[in-house]
Amino acid sequence: MRTLAKILGVLGIVVLLLVVTATAYGAWTVRRSFPQASGEITLQGLSAPVEVLRDERGITHVYADTEADLFFGQAYVHAQDRFWEMDFRRHITAGRLSELFGADQVETDTFLRVLGWRRVAEKELAIASPETRDILDAYTAGVNAWIADHSGATASVEYAVLALQNPDYEIEPWTPVDSLAWLKAMAWDLRGNMEDEIERALVSAAVGLARTAQLFPPYPYLRHRPIVDEGAVVDGVWDPSADRGAAQAASATPAVPAASLPALSATGDLLGSLDHLLGPAGPGIGSNSWVISGELTETGKPLLANDPHLAPMMPSLWYQMGLHCRTVSTACPYDVAGYTFSGVPGVIIGHNAQVAWGFTNLGPDVTDLVLEKVVGDTYLVGTTPKPITSRTEVIKVAGGEDVEVVVRETEHGPLLSDASTELATVGQEAPAGAIAPPRGEGYAVALRWTALTPGRTMESLRLLNTASDFDEFRTAASFFEVPAQNLIFASVDGTIGYQTPGRIPIRTGYDGKYPAQGWNPAQGWAGYIPFDALPWVKDPGDGWVVTANQASVYRDYPYFLTDDWSYGARSQRIVDLVTLATSDGEKMSADEMRAIQMDSWNENAAFLVPRISSAQVEGTAAEAVALFEGWDLTQQQDSAPAAYFNAFWKNLLLDMFGDEVPEDYLPDGGDRWFTVVRDLWDRPDDAWWDDVRTPEVEDRDAAVTAALEEAADEMAGLQGGDPTGWRWGAMHTLLVQNQTFGQSGIAPIEAIFNRGPVETAGGDSIVNATGWTVPDGYEVDWVPSMRMMIDLSDLDASTWVNLTGNSGHAYHPNYVDQLDAWVAGEQFPFGFTRSAVESAATETLTLTP
């Protein structure tokens, strides 16, 4: 026994040593890629020293003498902190994920090759202005200077993990196209109503056009104010002081050929295939922004707030940074700070020394799915067959054989339906009608999208960064073609304003709500809405502008933008809070602006709770309904009534629509569905209340009672039988996932990169927009990706918070150091002037030639 004890003791020491060694090796591997943040680094390509100052949150400010050195420095710092993210993104946009991760990504790559983002970016580089090209070249040189000294695990720990399955991968040099192509990915993420087109088509096939229309009600203009409610187009030019123009005639809604439905369904599956890479699309993907005139603020200068709503990512989509020419001049005009995209030069959202700007998604209808009658290598337009153009692309596969992909296009765009290997045989019957083609082999689906035409959005960002007044801001906006955004503005001289930008098509013969008929020459695009005709406002009489993805302009604006707006629950709540805060001579404070960003009041509950509180239920359901008495309708983490109400809402929607709506298009639960149920409320016998799966639920009151009881049972199973102990935050949690290895399915690997879950307040279509989707459960699936509040009276007093942190390196102190503050609604100062930056700096790095 003594011998056995000695052996076991020795084995224990060996095991301990192995654990310590493995831990030390793991820590060494992780830390190898942490950036050098102080001292000096000598680099080829600089003309003079560049300073990089970092604060305790790893937020950087870059100072240089020349424009070229400034963007070289920005690129080098981006690569230091976020290169894996940059490399991954360029593989997405080029359709080259299989080169990283193997054969599982071939289908996704095929879809991306069909979309052709990188090909469009290559064309955009060719038309870029010399000034923009210079910036892209300088940025590219900075990234490549970093790449020259880094590879494998010294670049990022992700490369060490990648080497386990793909040891031959080597980092390629950066190119200007890599930067431009990421803007295409963001345009895709904010693309508009493509999913709505597919949903309308497939739902109408199941329940008919009339009942489908009930699920897409008109925007509630009487309840929810649009962004711009005054002004008109006069002689082709928007005049913000003119009387409103004539109403636009509505287009007829065409029937969707039954033969197209399998192709549309497959196309919908393909759109979803990118969700795990770029995040879900839809009405929840939007933003809040508003700007208040100095006449209504305590400081006497404007206040501007912005929080873009996007998919939660680890690291956050945003990298916070300042870019400063030591001497601002025509040759080096940059003194700007805010949120950037790693891989893209310049600041996306932020301010310079004179002006500030923010974005929300405009969401115009800039995509059309076009049904094509394809026969062999031709497609039909009128009675004329036209040749399909095609090209062959090669997908290289890590650990496998190359795959050839044939990409086919019509005059309308690439054939998305070609990208699915699972595409079913197209339907057997073609539609009747004088211009309908014979049924034959059925229909394919092409994509017509403004982002597939080369544009100049990078030019817009360059001009925004150096704008000094509202006119220059509008000039910059005129180049912001895709993705079309609501742009808000404020300046240190007190001006506030708003501009609708974007390349938005003018349709003829149809309205874009349903897929177009490619064989019908009467349906098409007749150019784009002129920029001069798009709505804008400067120093509005109300003293504020609020944008939150609601209708951008009043109903009778003469051009069609879209009917698929977010339905305005968030925007109207902000309008109401701003109006209340500035009534009776009161002035808005910066703290009140930040408080509005965290508002969690539920408009849907305000309508439903008074109507469901008298429902005749018993037992746990009766105790749960009693929670509504005295509820302030806000959704804080510890709220029991919020937990129960959201469970009721989920069960009500699934009961009402889950019996007839196709499974892939069940209600997401957002403010479109607030409006659907509100409109149905006074029709208690409407067929939508009837759950055809059960004879007990035939009308509204029965549906409400059933949903209340089901919700009580669900909550008891989740959190116990005492309703007073239920908590919204316990079910509404956020897991921040790395886009690659954080979704690997291997728990130890995921633990390296992911963080959370954390409990959150807010909810879907609430100002604090922590979205969730009814069919998927209560977990958060989109978020305010950052929050900022800019004070034009003192830019150093502006405050900011990122979702996670500035660093992209797992376990770095700045990897997730802002998440707790983000959850709590806290924000941090972000100094802008040199003195404020130096005061906050904890480290200084000098890049020397």
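Residues numbered from 1 in each chain as written. Predicted model: local features only at pLDDT ≥ 70, side-chain atom pairs only at ≥ 80, totals over all residues. Heavy atoms only, no water.

Per the secondary structure count, the protein includes 25 helices and 33 strands. Burial analysis of the protein (849 residues in total) assigns 61% to the buried set. In the protein, 74% of the contacts between residues at least 6 apart in sequence involve partners at least 24 apart. Approximately 31,000 Å² of the protein is accessible, and the part contributed by carbon and sulfur atoms is 52%. (Helix = DSSP H or I, 4+ residues; strand = E, 2+ residues; numbered from the N terminus. Buried < 20%, exposed > 50% of the residue type's maximum accessible area, 1.4 Å probe, protein only. Contact = heavy atoms within 4.5 Å. Areas by Shrake-Rupley, 256 points an atom, 1.4 Å probe, with all protein chains shown as cover.)

Our focus in this paragraph is the packing of aromatic side chains. Tallying each qualifying case throughout the model produces 43 aromatic pairs. Judged by centre distance (6.3 Å) and plane angle (85°), the ring pair of phenylalanine 607 and tryptophan 681 falls under edge-to-face. Of the two residues, phenylalanine 607 is situated in helix H17 (residues 603–612) and tryptophan 681 in helix H20 (residues 671–681); the sequence distance between them amounts to 74 residues. Phenylalanine 607 gets classed as buried once you look at its relative accessible area, which sits at 11%. Connected via pairs of aromatic rings, a cluster forms that spans Trp84, Phe88, Phe101, Tyr159, Tyr169, Phe741 and Phe753. Directly above the ring of tyrosine 811 sits arginine 755, whose terminal nitrogen or CZ lies 5.1 Å from the centroid. (Phe/Tyr/Trp six-rings, centres within 6.5 Å; stacked < 30°, edge-to-face > 60°. Lys NZ or Arg CZ within 6 Å of the ring centre and 35° of its normal.)

On to the pattern of salt bridges, then. Inspection of the entire model under this criterion finds 40 salt bridges. A salt bridge links arginine 133 to aspartate 137, with the shortest nitrogen-to-oxygen separation between them at 3.1 Å. Placement of the pair is arginine 133 and aspartate 137 together in helix H6 (residues 130–147), with a separation of four residues, close to one helical turn. For aspartate 137, a relative accessible area of 33% corresponds to the partly exposed category. (Salt bridge = Lys/Arg side-chain N within 4 Å of Asp/Glu carboxyl O.)

A few words now on helix H4 (residues 106–115). Within H4, nine of the ten residues are buried, which leaves the element mostly enclosed by the surrounding structure. Within the span of H4, buried status applies to Val106, Thr108, Asp109, Thr110, Phe111, Leu112, Arg113, Val114 and Leu115. Two residues or fewer past H4, glycine 116 is found with a positive phi of approximately 75°.

Here we come to the packing of helix H19 (residues 640–657) against H20. The angle between the axes and the distance between the axes are what describe a pair of packed helices. Look at H19 against H20: their axes get within 12 Å of each other, and the N-to-C directions meet at 65°. On the basis of their axis angle, the class for H19 and H20 is roughly perpendicular. As for the relative orientation of H19 and H20, their crossing is left-handed in sense. Across the interface between the two elements, Trp649, Leu653, Met656 and Phe657 of H19 pack against Trp673, Phe674, Val676, Val677 and Leu680 of H20. Of the residues assigned to the contact of H19 with H20, the class counts are nine nonpolar, no polar and no charged. (Axes fitted to C-alpha atoms, helices over the stretch in contact; angles between N-to-C directions. Parallel < 35°, antiparallel > 145°, perpendicular 65-115°, else oblique. Left-handed = near helix turned anticlockwise from the far one by under 90°. Nonpolar A, V, L, I, M, F, W, Y, C, P; charged D, E, K, R; others polar.)

Here the structure, examined in full by the defined rule, presents one disulfide. Each disulfide pairs two cysteine sulfurs, and for cysteine 325 the partner residue is cysteine 332, the sulfurs being separated by 2.0 Å. Disulfide cysteine 325-cysteine 332: the torsion about the S-S bond is -85°, which places it as left-handed. Both residues of the pair, cysteine 325 and cysteine 332, belong to the buried class. (Disulfide = S-S within 2.5 Å.)

This part covers helix H16 (residues 590–597). By the burial criterion, the buried members of H16 are Met593, Arg594, Ile596 and Gln597. What you see down the axis of H16 is that its buried residues fit within an arc of 155°, all on one side. (Arc of directions from axis to C-beta.)

With 89% of its residues at a pLDDT of at least 70, the protein reaches an overall mean of 91. Every residue in residues 14–24 scores below 50 in pLDDT, and together they form zero contacts with partners more than four places removed in sequence or on other chains. Segment residues 246–259: pLDDT under 50, and 32 contacts once partners within four positions in sequence are set aside and those in other chains are kept. (pLDDT = per-residue confidence, 0-100.)

Further remarks concern the sheet that holds strand S15 (residues 389–395). On the basis of which strands lie adjacent, the open sheet formed by three strands has the order S15-S16-S17 and antiparallel pairing. Lying at the two open borders of the sheet, with one neighbouring strand each, are S15 and strand S17 (413–414). Contacts between H4 and the sheet are confined to S15, strand S16 (403–410) and S17, with S15 contributing the most and set at about 145° to the helix. (Pairing = 2+ DSSP bridges.)

This brings us to unusual backbone geometry. Across the junction of methionine 314 and proline 315, the peptide omega takes the value 0°, indicating a cis bond. For proline 315, the position within the fold is in the loop between strand S7 (303–310) and strand S8 (319–325). Backbone torsion omega between glycine 756 and proline 757 reads 5°, so that peptide bond is classified as cis. Tracing the sequence through the fold places proline 757 in strand S27 (residues 755–759). Phi is positive for leucine 633, close to 70°, though the residue is something other than glycine. Judged by its relative accessible area of 16%, leucine 633 falls in the buried class.

With that settled, the discussion passes to a negative patch on the surface. A contiguous patch of negative charge on the surface is contributed by Glu298, Asp584, Glu586 and Glu592. By secondary structure assignment, the location of glutamate 592 is in helix H16. Looking at glutamate 592, the relative accessible area reads 30%, which means it is partly exposed. (Patch = residues over 30% accessible without salt bridge, like charges linked within 9 Å, V, L, I, M, F, W, Y side chains within 5 Å. Lys, Arg positive; Asp, Glu negative; His and termini not counted. Charge placed at Lys NZ, Arg CZ, Asp CG, Glu CD.)

Once that is clear, we can look at the sheet that holds strand S24 (residues 536–538). The strand order across the open sheet formed by eleven strands is S1-S33-S2-S3-S8-S9-S10-S11-S19-S20-S24, and the pairing between neighbours is mixed. A single partner strand is all that each edge strand has here, and the edge strands are strand S1 (39–42) and S24. With direction set aside, neighbouring strand axes in the sheet form an average angle of 15°. When strand S9 (residues 335–340) meets strand S10 (residues 349–352), the two strands line up antiparallel, connected through four bridges. Of the residues in S10, the one forming a bridge with alanine 337 is histidine 351.

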